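# Chains, contacts and geometry: an overview
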Amino acid sequence: MRSVFVISLFFFMALTSPVLAQNRVLMAEYQLLNMVNQYRQRMKLSPVKLDRLASEVARQHSDEMAAKDFFDLRSPNRGSLEHQLAYQRVTGRQVNALIVLDYSLTEVFSQLQKNTQLLEKTATHAGVGVHLRDPEHPEKGIWFTLIYLQHFAQFEPIPRQQNPGNLLRIKGRVFEPYFRPRMPVTLPNGQVKTFPNLLRSNQSFIFEIPMNQGKGKYTLELLVDDPIEGPRVGSILPVYVGKTYPLAEPSPSPLKEQFATTLEAARKLVFLINQERLKHNLPELKENDLLDYVSWKHSEDMAKNRFFAHLNPKGEDPNERFHRAGGTGQVGENIAFDLSVEGAHHRLMNSPGHRANILDSRFTHLGVGVYYNGTYYFITQLFQRKAPLVDAQTSSEKILKWMNQQRMSKRLSPFIEDATLHEAALQHSYAMAMEDQLKYQVGGQNFNQRLSQLRYGEEVQAILVLADSLDDALEKLSKYKLQIVKRKVNVAGIGIYQAKSSDYGENSLWITIGLSSRN
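Residues numbered from 1 in each chain as written. Predicted model: local features only at pLDDT ≥ 70, side-chain atom pairs only at ≥ 80, totals over all residues. Heavy atoms only, no water.

### Side note on the UniProt feature "domain: SCP" (unreviewed entry) in the protein chain
As annotated by UniProt and renumbered to match this structure, "domain: SCP" (unreviewed entry) occupies residues 33-132 and 272-383. Between the end C-alpha atoms of residues 33-132 there is a gap of 16 Å, over a span that is 43% helix and 20% strand. (UniProt positions renumbered as here; feature names shortened; annotations may be inferred. Helix = DSSP H or I, 4+ residues; strand = E, 2+ residues; numbered from the N terminus.)

Listed below in structure tokens is the structure:
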């Protein structure tokens with residue numbers, strides 16, 4: 001009986017040891033996530049929820065780093081975390097990711113705290129993955145992967161693969177405050193087709209996507225609107241039709257490309273971008289030295305500090321990095337890393353959000369920075385609109401013509417131009433430009449005080465606009481239609497001053513319009 005008991009105990013221990021080891025891993029992951037959330041709450045940020053599918057990706061990554069003896073956000077076998085998340089059908093967008101190797105949970109968290117990305121405001125969920133070299137002795141090594149995600153919507157399960165000719169139905173619901181879901185799909189031939197929401201709802205959605213454009217990769221992208229920031233990419237999920245979804249991320253061979261310098265590689269990308277624009281009857285983008293420099297610094301930063309995100313470890317977004325370098329106005333940014341420059345370009349063109357930046361008709365200038373670490377090209381592209389110089393008199397006449405068209409549609413008499421109102425408006429626009437502020441009180445005076453100095457005694461309403469072009473100005477003026485079509489106002493003065501602004505950069509239009517009445 002004793003021998004039977006010993007054998008039974010042996011088998012029990014053999015069966016329970018893996019379970020105990022797995023429990024220790026799960027407990028370590030729970031403790032680290034708890035530490036992260038306590039820290040976020042101390043810093044007045046919302047805690048992140050556990051994403052179980054993303055945690056499987058994070059755990060696999062930590063296991064692979066330990067087994068293959070590498071320390072990188074990119075797996076040599078599976079590719080980028082972004083690809084691994086898509087393979088597991090994680091519908092949230094990766095915000096950033098951190099990896100740590102240390103010898104106690106406290107030290108792992110201490111390392112995390114040193115990175116400002118831990119306090120990412122937009123993160124709503126997290127995938128956490130721990131590998132313990134010896135579950136009973138964590139001091140022998142802890143590999144930790146943290147993946148921050150932002151979830152914009154909840155989806156019903158989406159398959160990885162479909163048969164040619166199938167109709168794929170995508171159902172889900174957008175989380176508030178986001179609204180107006182729609183779905184651009186990049187087809188195997190590179191073309192993009194946008195599918196409308198069949199429910200015509202601002203929150204719930206159903207998309208029906210026919211898999212009838214040949215075999216290959218269909219990249220589904222959920223776009224939503226943010227009430228403040230505008231369009232956002234909510235999710236990107238590829239579906240393979242007539243082909244197996246690759247476990248390892250496909251990468252083009254780098255052997256076809258040879259660049260003497262990364263500057264030469266950047267020029268190749270500028271050429272490819274402008275070729276795409278010419279195909280779509282868009283003007284070529286002009287290179288800008290400052291945009292080039294800021295792009296290159298971010299590519300270098302990503303390569304050397306092992307991250308891949310629009311937000312750098314200091315917490316700076318593209319506009320903050322551009323302004324710190326002396327730039328003004330707003331920029332759009334694409335980032336990529338790949339074994340080849342052309343491969344990176346094709347990936348960007350196959351992603352509707354990145355493609356939109358490349359083919360945005362509003363942009364006029366471009367900067368490209370490439371950093372090569374011996375294996376991968378890290379690429380940053382910055383896009384900006386630089387407003388051209390305009391004739392102030394001609395622009396004033398066009399604005400006045402537009403205002404009078406609004407009045408005529410209401411059967412009201414056109415505005416009479418007033419020289420004194422024009423002079424006060426021009427002074428006010430100049431003062432706003434000098435202080436880089438769109439407001440009624442600038443240069444120590446408000447608009448009516450300027451009029452008093454010019455001995456203008458009538459009551460005046462003022463409209464203030466800052467724009468990057470005349471079309472932009474007219475669009476913004478449409479918000480003031482009710483003031484423009486008031487019956488009691490019939491006199492106008494328009495002052496336009498073109499100067500730099502922090503919002504739009506060089507040659508911004510500072511506009512003041514004074515409206516009054518004359519018997």
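### A few points about the domain arrangement of the protein chain
Taken as a whole, the protein chain is organised into domain 1 (18-151), domain 2 (156-241), domain 3 (262-384) and domain 4 (392-516). Using C-alpha coordinates to define each centre, domain 1 is positioned 29 Å away from domain 3. Between domain 1 and domain 3, the residue contacts involve 10 residues of the former and 11 residues of the latter. One can count zero salt bridges joining domain 1 with domain 3. The interface formed by domain 1 and domain 3 holds five residue pairs in polar contact (both at pLDDT 80 or more) in total. Among the residues forming the side of domain 1 that touches domain 3, the class breakdown is three nonpolar, five polar and two charged. (Domains from an automatic or database assignment. Contact = heavy atoms within 4.5 Å. Salt bridge = Lys/Arg side-chain N within 4 Å of Asp/Glu carboxyl O. Polar contact = N/O pair within 3.5 Å; in protein donor to acceptor, adjacent residues only side chain to side chain. Nonpolar A, V, L, I, M, F, W, Y, C, P; charged D, E, K, R; others polar.)

### Here's the deal with the packing of aromatic side chains
Scanning the model with the defined rule gives 14 aromatic pairs in all. Summarising the aromatic geometry, the rings of Tyr87 and Tyr245 are spaced 5.4 Å apart at their centres and angled 75 degrees between planes, so their arrangement reads as edge-to-face. Of this pair, Tyr87 sits in helix 3 (residues 81-87) while Tyr245 sits in the loop between strand 12 (230-241) and helix 5 (262-279), and the two are 158 residues apart along the sequence. Among the residues examined, Tyr245 registers a relative accessible area of 3% and is labelled buried. Chaining the aromatic ring pairs together yields one cluster made of Phe308, Phe337, Tyr376 and Phe378. Its guanidinium or amino end placed over the ring of Tyr87, Arg160 lies 3.9 Å from that ring's centre, counting from NZ or CZ. One Lys or Arg, Arg407, reaches over the ring of Phe415 and ends 4.4 Å from the middle of that ring. (Phe/Tyr/Trp six-rings, centres within 6.5 Å; stacked < 30°, edge-to-face > 60°. Buried < 20%, exposed > 50% of the residue type's maximum accessible area, 1.4 Å probe, protein only. Lys NZ or Arg CZ within 6 Å of the ring centre and 35° of its normal.)

### Some points on a nonpolar patch on the surface
Together, Phe71, Leu101 and Tyr103 give the surface a local cluster of nonpolar side chains, amounting to about 270 Å² of exposed area. Assignment of secondary structure puts Tyr103 in the loop between strand 2 (93-102) and helix 4 (105-113). (Patch = residues over 30% accessible without salt bridge, like charges linked within 9 Å, V, L, I, M, F, W, Y side chains within 5 Å. Areas by Shrake-Rupley, 256 points an atom, 1.4 Å probe, with all protein chains shown as cover.)

### Describing the packing of helix 10 (residues 392-408) against helix 13 (residues 470-477)
Contact geometry for helix 10 and helix 13: axes closest at 11 Å, N-to-C directions at 30 degrees. When the interaxial angle is binned, helix 10 and helix 13 end up roughly parallel. For helix 10 against helix 13, the interelement crossing comes out right-handed. On helix 13, the residues touching Ser395, Lys398, Ile399 and Trp402 of helix 10 are Leu470, Leu474 and Leu477. (Axes fitted to C-alpha atoms, helices over the stretch in contact; angles between N-to-C directions. Parallel < 35°, antiparallel > 145°, perpendicular 65-115°, else oblique. Left-handed = near helix turned anticlockwise from the far one by under 90°.)

### Remarks on the side chain of Arg89
Relative to the helices and strands, Arg89 is located in the loop between helix 3 and strand 2. Here Arg89 occupies a buried position and makes no salt bridge, while the nearest side chain of opposite charge, Glu56, is found at 12 Å. Looking at Arg89, its side chain comes within polar contact range of the main-chain oxygen of Pro238, at 2.8 Å. Those residues within four positions of Arg89 in sequence are excluded, and the remaining contacts are Leu53, Ile158, Pro159, Arg160, Leu237, Pro238, Val239 and Tyr245. (Lys, Arg positive; Asp, Glu negative; His and termini not counted.)

### Brief notes about the sheet that holds strand 3 (residues 125-132)
Strand order in the open sheet formed by four strands is 1-3-4-2, with mixed pairing between adjacent strands. Strand pairing shows two members of the sheet lacking a second neighbour, strand 1 (49-50) and strand 2, which therefore form its edges. With nine bridges connecting them, strand 2 and strand 4 (residues 142-150) associate as antiparallel partners. Pairing of Leu98 across the sheet is with Leu146, part of strand 4. (Pairing = 2+ DSSP bridges.)

### Some points on the pattern of salt bridges
Evaluation of the coordinates by the stated rule reveals 20 salt bridges. Measuring nitrogen to oxygen at the nearest pair gives 2.6 Å for the salt bridge that ties Glu208 to Arg169. Of the two residues, Glu208 sits in strand 10 (residues 204-210) while Arg169 sits in strand 7 (residues 167-174), which places them 39 residues apart along the sequence. Relative accessible area serves as the criterion here: at 27%, Glu208 is assigned to the partly exposed category. By relative accessible area, Arg169 is classed as partly exposed at 46%. Between Arg324 and Glu316 there is a salt bridge whose closest N-O contact spans 2.7 Å. The network of salt bridges with common partners includes Arg74, Glu249, Asp338 and Arg347.

### Section: the packing of helix 5 against helix 8 (residues 341-349)
Across the interface, helix 5 lies against helix 8 with an axial gap of 10 Å and an inter-helix angle of 35 degrees. Regarding helix 5 and helix 8, the two cross each other, and that crossing is right-handed. Together, Ala265, Lys268, Leu269, Leu272, Ile273 and Glu276 of helix 5 and Val341, Glu342, His345 and Met349 of helix 8 make up the contact between the two elements. Considered class by class, the residues forming the contact of helix 5 with helix 8 number six nonpolar, one polar and three charged.

### Here we look at the sheet that holds strand 10
In a beta sheet, neighbouring strands are held together by backbone hydrogen bonds and run either parallel or antiparallel to one another. If you trace the three strands from one edge of the open sheet to the other, you get 5-7-10, paired in antiparallel fashion. The open sheet has two edge strands with one neighbour each: strand 5 (153-155) and strand 10. Strand after strand, the sheet turns through a mean of 30 degrees between neighbouring axes, direction not considered. Both strand 5 and strand 7 contribute to a ladder of three bridges, which runs antiparallel. In the strand pairing of strand 7, Ala153 is matched with Val174.

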